[in-house]
Amino acid sequence: MKKDLIAALGRRLRQAGSGATAVDSAAVDSAVADQLDDLEMAYAVQGATLDLAVAAGERVIGYKVGLTSGPARDTFGAVEPAAGHLLAGRLLQDGEPLVTAGLFDPKAEVEIAFILSEALPGPQVTAQDVRDATAAVAPAFEIVDSRWRGGARTLPMLVADNTNAARAVLGPPVTSPVSADLSKITATLSTGSRAVPGSATAVMGDPAEAVAWLAGHLLRSGRRLEAGDIVLSGTLCAPTAIGVGDRLVADLGELGRIALDVT
């Protein structure tokens, strides 16, 4: 019975995330989430959505780490971050606009993306191991969106829905700061008259620590970070609501700037 439920929830979340228009009726009724027993089941549902995506021709290009700040974890009663996967078809090219059709309540997060040059297979990966295995970092936007009607209200709901991963875009990669202390990076997200400040210290104190956590998390299920993987390490700024006509600009200092138009 649980196997059937996992498959059914995975199918419904996959369908909701693949719609052409963001009509509320396409979202998954949050009442069925009461059947999500625990995180193990939630990650199984996430895996079911991934299996459907791959079967439809999608390709995994990396991962994302969520709940990397203490306040975010407190909101969901989480004791550690949460992970999701990145799909090639959801990665926008730098300069490509974000089309909001098919999204429900999108928000923008400013992130540091790691592009790995080496695998990270060990059971005790450190932040220094991550820096050593990183070819480049890049400023990035992650667009998060919940496929549950009304949004995720529990940690298993968030995890089952691939930790709200919807779209992502990377700016120009930077190689020189890879060995630097990324915890010193600050950011400002500007859109219209709004300016949202942020800091890399919000990402587990150091974004490289978030990637190290991810390596250990993947190992529990027999997976590992591979050379070429992209990792969105967690948001520096508070998730910011966006709408059609917005132009988002994130300034990450020595990591550069990234812009995104919303249509």
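This text follows the structure it describes.
Below is a short write-up of the structure. If you're wondering where the values come from, they're calculated on a predicted model, not measured in any experiment.

**Re the side chain of Gln46**
Tracing the backbone shows Gln46 in helix H2 (residues 39-55). What Gln46 contacts, discounting residues up to four positions off in sequence, is Ala83, Gly84, His85, Val159, Ala160 and Asn162.

**Structural notes on the nonpolar core**
Membership of the largest hydrophobic core comes to 48 residues, with the highest contact counts inside it found for Ile112, Phe114, Phe141, Leu214, Leu225 and Leu252. Tallying contributions element by element places helix H6 (residues 207-220) first for this core, with 8 residues. Discounting chain neighbours no more than four positions away, the residues touching Ile112 are Val137, Ala138, Ile185, Ala200, Pro207, Val231, Leu232, Ser233, Gly234, Leu236, Leu252 and Leu255.

**Description of the sheet that holds strand S7 (residues 186-191)**
Within the open sheet, the 4 strands sit side by side as S8-S7-S11-S12. Their pairing is antiparallel. Of all strands in the sheet, those bounded by a partner on one side alone are strand S8 (194-199) and strand S12 (257-261). Shown here is a sheet whose adjacent strand axes are inclined to one another by a mean of 15°, direction ignored. The pairing of strand S11 (residues 247-251) with S12 spans 5 bridges and is antiparallel.

**Some thoughts on the pattern of salt bridges**
Any two side chains of opposite charge can pair, given that their charged atoms come close. For the structure shown, the criterion picks out 10 salt bridges. As a salt-bridge pair, Arg257 and Asp251 come within 3.5 Å of each other at their nearest N and O atoms.

**What to know about H6**
Between its first and last C-alpha atoms H6 spans 21 Å; for 14 residues at 1.5 Å apiece the expected length is 20 Å, and the two agree. Counting buried positions over the 14 residues of H6 gives 10, a clear majority of the element. Taken residue by residue, H6 has Pro207, Ala208, Ala210, Val211, Ala212, Trp213, Leu214, Ala215, His217 and Leu218 as its buried positions. Against the buried residues of H6 lie H2, strand S1 (60-66), strand S2 (82-87), strand S4 (107-116), helix H4 (127-132) and strand S9 (230-235).

The rules we used
- Residues numbered from 1 in each chain as written.
- Predicted model: local features only at pLDDT ≥ 70, side-chain atom pairs only at ≥ 80, totals over all residues.
- Heavy atoms only, no water.
- Helix = DSSP H or I, 4+ residues; strand = E, 2+ residues; numbered from the N terminus.
- Contact = heavy atoms within 4.5 Å.
- Core = buried A, V, L, I, M, F, W, Y, C linked by side-chain atoms within 4.5 Å.
- Buried < 20%, exposed > 50% of the residue type's maximum accessible area, 1.4 Å probe, protein only.
- Pairing = 2+ DSSP bridges.
- Axes fitted to C-alpha atoms, helices over the stretch in contact; angles between N-to-C directions.
- Salt bridge = Lys/Arg side-chain N within 4 Å of Asp/Glu carboxyl O.
- Expected span 1.5 Å × (residues − 1).

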